[in-house]
Amino acid sequence: MNQREGYTDDVVKGFITWSIIWGVVAVLLGVVISLQLAFPQLNLPPYLTYGRLRPIHTNAGIFGWGIGSFMAFFIFITQRLTKTRLWSPGLARFQLYLFNVVIALAALTLMLGFNRSKEYAELEWPVALLVVVLWVIFSINIIMTIIKRKEEQMYISLWYIMATLVGVAVLYLVNNAAIPISLTKSYSAYAGANDANVQWWYGHNAVAMVLTTPPLALFYYFLPKSTGVPIYSHRMGIIAFWSLVFMYLWTGAHHLLWTPVPDWVQTLAMAFSVMLIAPSWAAVFNGYFSMNGQWHQMRENYLVKFLIFGVTFYGLQTLQGPSQAVRTFSAFIHYTDWIPGHVHMGTLGWVSLILFASIYYTVPKIYGREIYSVGLVNLHFWLAVAGQLIFSITMWVAGIQQAAMLHATNPDGSLHYSFMETLVEMYPYWHGRALGGIIYFASLLIFVYNIVKTVTAGKPAAVTQKA
Ligand code: HEM
Ligand code: HEM
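Peer 1: What is the right way to read the overall build of the chain from this model?
Peer 2: Counting its secondary structure elements, the chain contains 18 helices and two strands. The C-alpha atoms of the chain give 22 Å as radius of gyration, which agrees with the globular expectation for 467 residues (23 Å, within 12%). Principal-axis analysis of the C-alpha atoms places the extent of the chain at approximately 75 × 50 × 45 Å. Per-residue burial over the chain gives 48% buried out of 467 residues.

Here's what the structure looks like:
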């Protein structure tokens, strides 16, 4: 088993535990801010307002829950795919401490109102510098393990892992370039439209390098592990990988359509966004074709259910995304609630379902126990899917109504509705979103309970299998 083979799994346990804790914080805050939108009296100034809690929600979700789990699984997967022990277990343990310090500092500083006002890059420079240190030690450890690998072939997951490590480093350094004027305040190194362009080059590639390439690395590893049959086509996976990383880097300006950013930059972003459908769907098809003759496992194997639903939401997400990047459609839905619908099909449907599957696979393996309750896993699954669909569908309907109202004009060309009138119409949908969020949160608590019980009271695994 793992310890016998010398793999470093104690730190994997640590990252899984902490990412789950930050995940609970993120989803709880998601529910709180959705309630604050629906019931404005729940805003408690100065610290507990929507404006302060929203960035803590996004940071805890993407960095605490997302990156925290990816750190766990990159360490877990890389060792197994390279058949090599982690290069430096000591460095990985330091990384775990630093990770928690950074996330806690992020939450604290954002609550106190220190914010660079760049979405997903809000952290002021001292915390951002710690992030750089964290990422460098993480990358060195994984890359050195890959360099010293005993298995020559590089499986697809390793390519996605390396793209994440390099991609995040480049994006983060460029977009965080700033001139500090005090310990808690800095100004971006760029100005005006250039600043916006750099920010969304970063912003969308955060979607690429944090919310796409890491879950794909996990998907390609855990799907064959869960089904027991190999991936349909390694070659298709590699071709899709290179096209995906090449195309993503040009798409950022689709967040800036109809703005002073040069027209050709917008058109380029639009074209590359539409082209992205091909490599994205290559991964989806690779997953589906790997299920040839195995579809019965959707009923029998709960891991497969999470993974295939997850990749299906990825497929839907990567059809919706390119359509949003088309100028005419963007003019309609940009600035509306349609976008949070898109975002949460990705974060709750795609990213989180893949993470749940990865945790359900890994925890029994590294603790040598059987899952505590399969019934609770299934309950978790259906509540999570229901909560996410209620959230996303409500937001899409809200977005279309909002867009139609914002665009309605009188015969003389003046606007038919005031902004306030469009806002008031959103209340029923915001109640719906909060309901979806509460259901998702309930599913998360069931998941946490099941994992804790697996670790503390799960039956010892009959024969300890190789992880
Ligand atoms: C059921 C759980 C969740 C609820 C109820 C929730 C709720 C919300 C709300 C109300 C917003 C603000 C929307 C707006 O700007 O109008 C938001 C934004 C956001 N949330 Fe969540 N959230 C949840 C889970 C998550 C998770 C787990 C993640 C990440 C892994 C996440 C990532 C984000 C991001 C990236 C945004 C910014 C979206 C944008 O700017 O368009 N959320 N969330
Ligand atoms: C082919 C792939 C995709 C394309 C072309 C795409 C395109 C877009 C576009 C055009 C927007 C901006 C909408 C607007 O504000 O008008 C957007 C927003 C967003 N997308 Fe996607 N998307 C894709 C896949 C994904 C995936 C897989 C995720 C994973 C969770 C995701 C997460 C987000 C987030 C978090 C935002 C909100 C950014 C913000 O305004 O704060 N997208 N996407």
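From this point, the narrative continues.
Peer 1: How do you make sense of the packing of helix α15 (residues 338–367) against helix α16 (residues 374–407) when you look at a structure like this?
Peer 2: Describing two packed helices takes the angle between their axes plus the distance from one axis to the other. At their nearest, the axes of α15 and α16 sit 7 Å apart, and the two run at 165° to each other. Comparing the axis directions of α15 and α16 gives the class roughly antiparallel. When the axes of α15 and α16 are compared, the crossing they make is left-handed. For the pair α15 and α16, the contacting residues are W338, P340, G341, H344, M345, L348, G349 and Y360 in the first and V377, Q388, F391, S392, M395, W396, G399 and I400 in the second.

Peer 1: Sorry if this is basic, but what is going on with the environment of L48 here?
Peer 2: Take L48: it is sitting in the loop between α2 (10–38) and α3 (50–82). It is 9.8 Å that separates the C-alpha atoms of L48 and L112, two residues lying 64 residues apart in sequence.

Peer 1: What's the story with the site of ligand 2 in this structure? I'm lost.
Peer 2: Neighbouring ligand 2 are 27 residues, the closest being L211, S273, G321, H334 and G346. Elements with a minimum of two residues in the shell around ligand 2: α7 (192–211), α13 (302–324) and α15. Per element, the largest residue contribution to the shell around ligand 2 is seven residues, and it comes from α15. Within the shell around ligand 2, the residues separate by chemical class into 10 nonpolar, 16 polar and one charged.

Peer 1: I would appreciate a short explanation of the site of ligand 1 in the present structure.
Peer 2: Within the structure, ligand 1 sits among 25 residues, and G30, G61, T347, G437 and Y440 are positioned closest to it. Counting only elements with at least two residues in the shell around ligand 1, the list comes to α2, α3, α15 and α18 (427–457). No other element matches the eight residues that α15 contributes to the shell around ligand 1. Here the shell around ligand 1 is composed, by residue class, of 14 nonpolar, 10 polar and one charged.

Peer 1: Explain the packing of α13 against α16 to me, please; I cannot follow it from the model alone.
Peer 2: Between α13 and α16, the shortest axis-to-axis distance is 10 Å and the interhelical angle comes to 15°. As judged from the angle between their axes, α13 and α16 are roughly parallel. For the pair α13 and α16, the sense of crossing is left-handed. Every residue of α16 that contacts α13 at Y302, K305, F306 and F309 is listed here: V374, V377, N378, F381 and V385.

Peer 1: Would you mind showing me how to read unusual backbone geometry here?
Peer 2: Generally, phi is negative for residues other than glycine and the peptide bonds are trans, each holding for most cases. Of note, the amide linkage connecting P45 to P46 takes the cis form, showing an omega dihedral of 0°. Relative to the elements of secondary structure, P46 occurs in the loop between α2 and α3. For W258, which is not a glycine, the phi torsion comes out positive at approximately 65°. Mapped onto the elements of the fold, W258 is located in the loop between α9 (234–248) and α10 (263–275).

Peer 1: Before we go on, may I ask you to explain the pairing of strand β2 (residues 185–188) in this structure?
Peer 2: The side chains of a regular strand alternate between the sheet's two faces. For strand β1 (residues 178–182) and β2, the ladder comprises four bridges, and the chain directions are antiparallel. By the bridge assignment, A178 is partnered in β2 with S188. The antiparallel hairpin formed by β1 and β2 contains two residues in its connecting segment.

Peer 1: Looking at this model, I keep getting lost on helix α4 (residues 89–111). Mind explaining?
Peer 2: Note: α-helices contain 3.6 residues per turn, so residues at a spacing of three or four share the same orientation. With 23 residues, α4 ought to run about 33 Å at 1.5 Å a step, and its terminal C-alpha atoms sit 33 Å apart, in line with that. Taken residue by residue, α4 has A92, Q95, L96, F99, V102, I103, A106, A107 and L110 as its buried positions. The elements touched by buried residues of α4 are α2, α3 and α5 (125–147). Phi for G113, located one or two positions after α4, is positive at around 95°.

Peer 1: Please explain the nonpolar core as it appears in this structure.
Peer 2: Nonpolar side chains tend toward joint burial in soluble globular proteins. By size, the foremost hydrophobic cluster in this structure holds 140 residues, and its most contacted members are L307, A357 and Y360. Contact partners of L307, with chain neighbours within four places excluded, come to F219, F222, L223, S226, I354 and A357.

Peer 1: Honestly, the environment of P180 in this entry has me stumped. Any pointers?
Peer 2: Take P180: it is sitting in strand β1. For P180, a count of 13 C-beta atoms within 10 Å gives the class partly exposed. Distance from P180 to V24, taken between C-alpha atoms, is 33 Å for residues 156 residues apart in sequence. Not counting chain neighbours up to four residues away, the residues in contact with P180 comprise W125 and S186.

Peer 1: Just to check I follow, could you spell out the environment of I56 for this structure?
Peer 2: Position of I56 among the secondary structure elements: in helix α3. When the C-alpha atoms of I56 and T347 are compared, they prove to be 15 Å apart, with 291 residues separating the residues in sequence.

Reading guide: rules and limits
- Residues numbered from 1 in each chain as written.
- Chains lettered and ligands numbered in written order.
- Predicted model: local features only at pLDDT ≥ 70, side-chain atom pairs only at ≥ 80, totals over all residues.
- Helix = DSSP H or I, 4+ residues; strand = E, 2+ residues; numbered from the N terminus.
- Rg over C-alpha atoms; globule rule 2.2 N^0.38 Å.
- Buried ≥ 20, exposed ≤ 12 C-beta atoms within 10 Å, placed from the backbone.
- Axes fitted to C-alpha atoms, helices over the stretch in contact; angles between N-to-C directions.
- Parallel < 35°, antiparallel > 145°, perpendicular 65-115°, else oblique.
- Left-handed = near helix turned anticlockwise from the far one by under 90°.
- Contact = placed C-beta atoms within 7 Å.
- Near = placed C-beta within 6 Å.
- Nonpolar A, V, L, I, M, F, W, Y, C, P; charged D, E, K, R; others polar.
- Pairing = 2+ DSSP bridges.
- Expected span 1.5 Å × (residues − 1).
- Core = buried A, V, L, I, M, F, W, Y, C linked by C-beta atoms within 7 Å.

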